[in-house]
Amino acid sequence: STQRHGEQQVSDMLNPEAHDDHHEEEPHHEGKKLLSSGSKDSSGIHTRTASEKRWLLSTLTTLFIGYMGYYVCRSDLTVTAPLILREWSESGIADESKFGLLLTLGTAAYSFGKISMGFLVDKLGGKRMFLAGMGFSILSTVMFSVVNSYPMFVIAWVLNRMAQSAGWGAVLKIVSGWCFQSEFSKVTSILALSYLFGDGVARLYLSSILEYYNSWRTVFLLAALFLSVIFAISLITIKDHPPGYVKPTATKPQYHELVNVSVSSDEATSIDHVGSSETTQPTSSSSSSSASASSSSSSS
């Protein structure tokens, strides 16, 4: 009995999550458990308060519009490409092959950023990175509109694409703090439409500006201004988590706590190595076994 108790203690230390699940089982509606936090009614079913519902609607709506806004500062280069190429050719800045290289470097930066920004999103939080990506995209778009040398155009566009790579990871991070497990796929599927609508709306908006002003630099500046308005709104209308959320702290036992764990009893059992498949027999049994072996040997 004591030995089983000791083994249970070690098992709990090795697998704290299973221990928590065992002792914290509460009735809940299947598929309605929040990914991070949530309130419960008297029956233990997870529910949302009126305040949480308002903030959820505000956050998801802003994420949808905000990610659409990202494309205003991404599609501007495609819409204005003919005018940019004509200016570069007349000024001797670059030719079509250099423009193609610019696009390639931007795509490479975006791909690299998808991985590296993921680590930053986990570390700094979804809202911070969503706004940071938007802010740096605005700055780099303004920078692209005012420079006059090919290397500076490349730097501005690479920075823009790198900044924009933080957007979608940040969206998913924020959604994971709000949605029930049964809702997550549906919500992200709807939010994913933002990049389709964003690209289409951005091209229409930017084309109308280009037709009116006939200046690619003006298009870039107004694109940055448009995203700046969304940035200001997002500061107020997005929350990472429901109000009152307390971030859980995960603690893992240290190695020295798992080694040489002893159970004090009449039949003491010492565990010298964690995870060993061999079971050490009680001390008293070992002594009696040794004594029997000696006695048998003497009689023979």
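Residues numbered from 1 in each chain as written. Predicted model: local features only at pLDDT ≥ 70, side-chain atom pairs only at ≥ 80, totals over all residues. Heavy atoms only, no water.

A. Local environment of the overall build of the chain. In terms of helices and strands, the chain carries twelve helices and four strands. Looking at the chain as a whole, 35% of its 300 residues are labelled buried. In the chain, the proportion of contacts linking residues at least 24 apart, taken out of those at least 6 apart, comes to 75%. Carbon and sulfur atoms make up 58% of the accessible area of the chain, which totals about 17500 Å². (Helix = DSSP H or I, 4+ residues; strand = E, 2+ residues; numbered from the N terminus. Buried < 20%, exposed > 50% of the residue type's maximum accessible area, 1.4 Å probe, protein only. Contact = heavy atoms within 4.5 Å. Areas by Shrake-Rupley, 256 points an atom, 1.4 Å probe, with all protein chains shown as cover.)

B. Inspection of the side chain of Thr237 at higher detail. Structurally, Thr237 is set in helix α10 (residues 216–237). Within the structure, the side chain of Thr237 is placed 2.8 Å from the side chain of Thr62, a separation counted as a polar contact. In this structure the side chain of Thr237 is engaged in a polar contact, spanning 2.9 Å, whose partner is the backbone oxygen of Ile233. (Polar contact = N/O pair within 3.5 Å; in protein donor to acceptor, adjacent residues only side chain to side chain.)

C. Looking closely at unusual backbone geometry. Phi is positive for Asn214, close to 55°, though the residue is something other than glycine. By the secondary structure assignment, Asn214 is in the loop between α9 (184–213) and α10.

D. Representation of helix α8 (residues 167–176). Looking at α8, one finds that the buried residues are Gly167, Ala170, Val171, Ile174 and Val175. Projection of α8 onto a plane perpendicular to its axis shows the buried side chains occupying an angular sector of 135°, all on one side. Taken together, the buried residues of α8 touch α3 (50–70), α5 (96–124), α6 (126–146), α7 (150–164) and α9. (Arc of directions from axis to C-beta.)

E. Region of the structure containing α9. In this model α9 runs 43 Å from its N-terminal to its C-terminal C-alpha over 30 residues, within 8% of the 44 Å that 1.5 Å per residue would give. Of all the bends in α9, the largest measures some 25° and sits at Phe197. By the burial criterion, the buried members of α9 are Val187, Thr188, Leu191, Ser194, Gly198, Ala202, Leu206, Ile209 and Leu210. Where the residues of α9 are buried, they touch α3, α4 (76–91), α8 and α10. Two residues or fewer after α9 comes Asn214, characterised by a positive phi angle close to 55°. (Expected span 1.5 Å × (residues − 1). Bend = angle between axes of the 7 residues up to and from the residue.)

F. Local environment of the packing of α5 against α6. Viewed as axis vectors pointing N to C, α5 and α6 meet at an angle of 155°, and their least axial separation amounts to 10 Å. As summarised for this structure, α5 and α6 are arranged roughly antiparallel, according to the angle between their axes. The way α5 lies across α6 gives a crossing that is right-handed. Between α5, through Leu102, Met117, Leu120, Val121 and Leu124, and α6, the contact on the second element is made entirely by Gly126, Arg128, Met129 and Phe144. Its residues placed into classes, the contact of α5 with α6 shows seven nonpolar, one polar and one charged. (Axes fitted to C-alpha atoms, helices over the stretch in contact; angles between N-to-C directions. Parallel < 35°, antiparallel > 145°, perpendicular 65-115°, else oblique. Left-handed = near helix turned anticlockwise from the far one by under 90°. Nonpolar A, V, L, I, M, F, W, Y, C, P; charged D, E, K, R; others polar.)

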